[in-house]
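Secondary and tertiary structure notes
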Amino acid sequence: MTSIRTRFAPAPTGYLHLGGARTALFSWLYAKHTNGKFILRIEDTDRERSKDEYTDAILKSMEWLGLDWDEGPFYQSERNDRYLEEIDKLLEAGDAYRCFCTVEELEQKRKDAQKRGEKPKYDGKCRDLNLAESKEPFVVRFKTPKTGATQFIDLIKGKISFDNSELDDLIIRRTNGSPTYNLTVVIDDSDMKMTHVIRGDDHINNTPRQIVMFKALGLEIPKFAHVPMIFGADQKKLSKRHGALSVTEYRDAGFLPNAVVNYLVRLGWSYGDQEIFSTDELIDKFDIVNVGKSAGVFNPEKMEWLNSHYIKNTDSINLASNVLPFIEELGYKVENKEWLATAIDTLKERAKTLKELAVQGEFYFKDDIDYDEKAAKKFLTEDVIKPFELLLESLKSLKSWDEEAIEAVFTKVLDDTGLKLGKVAQPVRVALTGGTVSPGIFEVIHVIGRERVIDRIKKAIEYVESG
RNA sequence: GUCCCCAUCGUCUAGCCUGGCCUAGGAUACCGGCCUUUCACGCCGGCGACAGGGGUUCAAAUCCCCUUGGGGACGCCA
């Protein structure tokens, strides 16, 4: 049995978005699962809209997601001669012909057809004229069979059939001489020996057109698997209107690649009731037969939930490098990664994104604490001077600076003052963090460190005394 | 409009192929409780779906047909 070869073939006309990423992921997983090869191909035949900037972004996004390719990236723009060669063959064999109809003419015919309630398609005016090359601009069209039907077994959708009468003679070579998508895909998928074409189901309508060309060129037809679309909350194909879309945007918002992959894979694919999958597990368990037929709605909350899961379950020391950029974005510098990891330990149960984590831990990184007005008014009152002074004294001389010892200090102060923990902890929290919400107070004290804790408590006392 | 595809909680889904174990399971979101020094986490509980109608069958979420609804494609874009 020949080994399986799949591909991802984006057009560099935009950033890699969630839908494309999922298609790439399915394709990649299927190749990995079957011990096959995953090929990356950049479909940049549309010179007007293709941009290097997008190609770079797509490659970066794939790398970030961990979707590595075995061959490529191949660029269609570099394979022009190959396409023209096949077009000539088609022309010679009478399977294609030159068409001199103008754009305006075609536009008008489309409108008329629409008016008559028909599917707008080329009427075949030049089909049997056998026109030779001339100075007039022309395109080359593929001569689609007029009768019969073209069908294929889609690995996801099942049997799909089109009447050939539905297909018109599509353009395979533009006036400017460049080849078009449906032809280049066929040649590339054949040249690159693809066994499985896994792509978005917006390509279902292209499939019969490609199959007739595979046949005309005498090429082997690959298997097809059309994965359903991802919709926005309005049930419409995911697009710019739906807000954050591109993979890089999620990276910059503080998502972990594992979380994005895990979310994407579970949208349209399942393995019983399991929700959390490691990459190795996915490679082991992924199969096209478990991909659903229907479109899925993108649900940001569930992706956040997965992200928080992965944040909680990643070692803080590993998380540190991922968090650093977000801390820097807030304008702080952190040199000591070990220390940062201890801070992250206290924050990661609470954050849905790395960005959130950095913001919630801001008091760890900044020098001067600004009090939240309400919090200060409520908690930094005369009553706290006494316990604060007691705390200061004990903390200054505390032998081992660990959470247990710090807790013991509090217990002692509570005993001496007869106050309840809440009465002391909240004011301390405000003194140290500026607000009323933070990780556990003993961990906070531990992480902030003796010098800065003492400094902040002193400042709080001064604040109270100065009214 | 024409062709193609799709249809289980708000959302992602299990179950469907190979009818009975489905009083339809899980996850997320939401609501409530417990835990608790705050907020979270965690744990426990609740809410909530087989689009409708016909068949076939002793029996249908599961098989067949129709209707309805939704989406996609109809480019010298990919």
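Residues numbered from 1 in each chain as written. Chains lettered and ligands numbered in written order. Predicted model: local features only at pLDDT ≥ 70, side-chain atom pairs only at ≥ 80, totals over all residues. Heavy atoms only, no water.

Attention shifts here to the domain arrangement of chain A. Parsing chain A into structural domains produces domain 1 (5–71 + 230–300), domain 2 (79–227), domain 3 (315–365) and domain 4 (373–465). At the junction of the two partners, domain 1 supplies 18 residues and domain 2 supplies 24 residues. For the pair domain 1 and domain 2, the summed buried surface comes to about 1,800 Å²; carbon and sulfur atoms form 55% of the total. For the pair domain 1 and domain 2, the interface holds three salt bridges. Of the charged contacts, one joins D188 and R41 as a salt bridge, the two residues approaching to 3.6 Å between their closest N and O atoms. (Domains from an automatic or database assignment. Contact = heavy atoms within 4.5 Å. Buried area = accessible area lost by both parts, 1.4 Å probe. Salt bridge = Lys/Arg side-chain N within 4 Å of Asp/Glu carboxyl O.)

What the rule picks out here adds up to 17 aromatic pairs. Relative to Y271, the ring of W269 has its centre 6.4 Å away and its plane inclined at 25°; by these criteria the two rings are stacked. Relative to F442, the ring of F410 lies with its centre 5.2 Å away and its plane at 75°, an arrangement referred to as edge-to-face. Taken together, the residues F410 in helix α17 (residues 403–417) and F442 in helix α19 (residues 441–448) connect sequence positions 32 residues apart. Each member of the pair, F410 as well as F442, is classed as buried. Grouped by ring-pair contacts, the aromatic residues F26, W269, Y271, F277 and F286 constitute a single cluster. (Phe/Tyr/Trp six-rings, centres within 6.5 Å; stacked < 30°, edge-to-face > 60°. Helix = DSSP H or I, 4+ residues; strand = E, 2+ residues; numbered from the N terminus. Buried < 20%, exposed > 50% of the residue type's maximum accessible area, 1.4 Å probe, protein only.)

Let us look at the protein's contact with RNA strand B. With respect to spatial proximity, 63 residues lie near RNA strand B, and among them G117, R174, T175, G268 and R429 are the closest. A distance of 2.9 Å separates a sugar or linking oxygen of RNA strand B from a polar side-chain atom of D46. Within the side chain of T175, one N or O atom sits 2.3 Å away from a base nitrogen of RNA strand B. Looking at the surface near RNA strand B, the elements with two or more residues in it are α4 (103–115), β7 (158–163), β12 (296–297), α10 (300–312), α18 (421–433) and α19. Of the residues belonging to the surface near RNA strand B, the class tally is 21 nonpolar, 19 polar and 23 charged. (Near = heavy atom within 4 Å. Polar contact = N/O pair within 3.5 Å; in protein donor to acceptor, adjacent residues only side chain to side chain. Nonpolar A, V, L, I, M, F, W, Y, C, P; charged D, E, K, R; others polar.)

Right, let's get into helix α2 (residues 52–65). Owing to its 3.6 residues per turn, the α-helix aligns residues three or four sequence positions apart on the same side. Its 14 residues give α2 an end-to-end C-alpha distance of 20 Å, which sits within 8% of 20 Å, the value for a rise of 1.5 Å per residue. Listed as buried for α2 are Y54, T55, A57, I58, L59, S61, M62 and L65. Buried residues along α2 sit in contact with β1 (5–8), α1 (18–33), β2 (37–42), β3 (71–75), α7 (247–252) and α8 (257–266). In the segment just after α2, G66 is the residue with positive phi, at about 85°. (Expected span 1.5 Å × (residues − 1).)

Applying the stated criterion across every chain yields a total of 30 salt bridges. Here R127 and D169 are joined by a salt bridge, their closest N and O atoms 3.0 Å apart. Within this pair, whereas R127 is found in the loop between α4 and β5 (139–142), its partner D169 is found in the loop between β7 and β8 (171–173), the two being separated by 42 residues in sequence. Overall, the relative accessible area of 11% leaves R127 in the buried class. Judged by relative accessible area, D169 falls into the buried class, the value being 5%. Taking the shortest distance from any N to any O, the salt bridge between K302 and E275 comes out at 3.3 Å. With K302 in helix α10 and E275 in the loop between α8 and α9 (279–285), this residue pair connects regions lying 27 residues apart in the sequence. A residue is classified by how much of its surface remains accessible, and K302, at 31% relative accessible area, is partly exposed. The class of E275 is partly exposed, set by a relative accessible area of 25%.

If you walk across this open sheet you meet the three strands as β4-β5-β8, and the pairing is antiparallel. The open sheet terminates on both sides in strands that have one partner only, identified here as β4 (96–99) and β8. Neighbouring strand axes in the sheet, compared pairwise and without regard to direction, differ in orientation by 45° on average. Looking at chain direction, β5 and β8 are connected through two bridges and run antiparallel. By the bridge assignment for β8, R141 is matched with I171. (Pairing = 2+ DSSP bridges. Axes fitted to C-alpha atoms, helices over the stretch in contact; angles between N-to-C directions.)

A word on the environment of Y122. Looking at the element boundaries, Y122 is found in the loop between α4 and β5. Look at Y122 and you get buried, because its relative accessible area is 11%. On a C-alpha basis, the gap between Y122 and L106 in space is 7.4 Å, while along the polypeptide they are 16 residues apart. Look past the residues within four positions of Y122 in its chain and what remains in contact with it is Y97, C99, C101, L106, R141, D168 and D169.

Applying the stated criterion across every chain, the model contains zero disulfides. Unpaired in terms of disulfides, C101 finds its nearest cysteine sulfur in C126, a separation of 3.6 Å. Accessibility expressed as a relative area gives 12% for C101, which makes it buried. Exposure remark for C126: the relative accessible area of 4% places this residue in the buried category. (Disulfide = S-S within 2.5 Å.)

Tracing the backbone through its elements, the reader meets D189 in helix α5 (residues 181–191). Since its relative accessible area comes to 2%, D189 is described here as buried. Side-chain polar atoms of D189 contact the side chain of R7, separated by 2.8 Å. Residues in contact with D189, not counting those within four places in the same chain, are R7, R41, M194, V197 and F214.

Summarising the element assignment, D168 is placed in the loop between β7 and β8. You can call D168 buried: its relative accessible area is 16%. Among the polar contacts listed, one links the side chain of D168 to the side chain of R209, at a separation of 3.3 Å. Once you skip the residues sitting within four places of it in the chain, D168 turns out to touch K121, Y122, T144 and R209.

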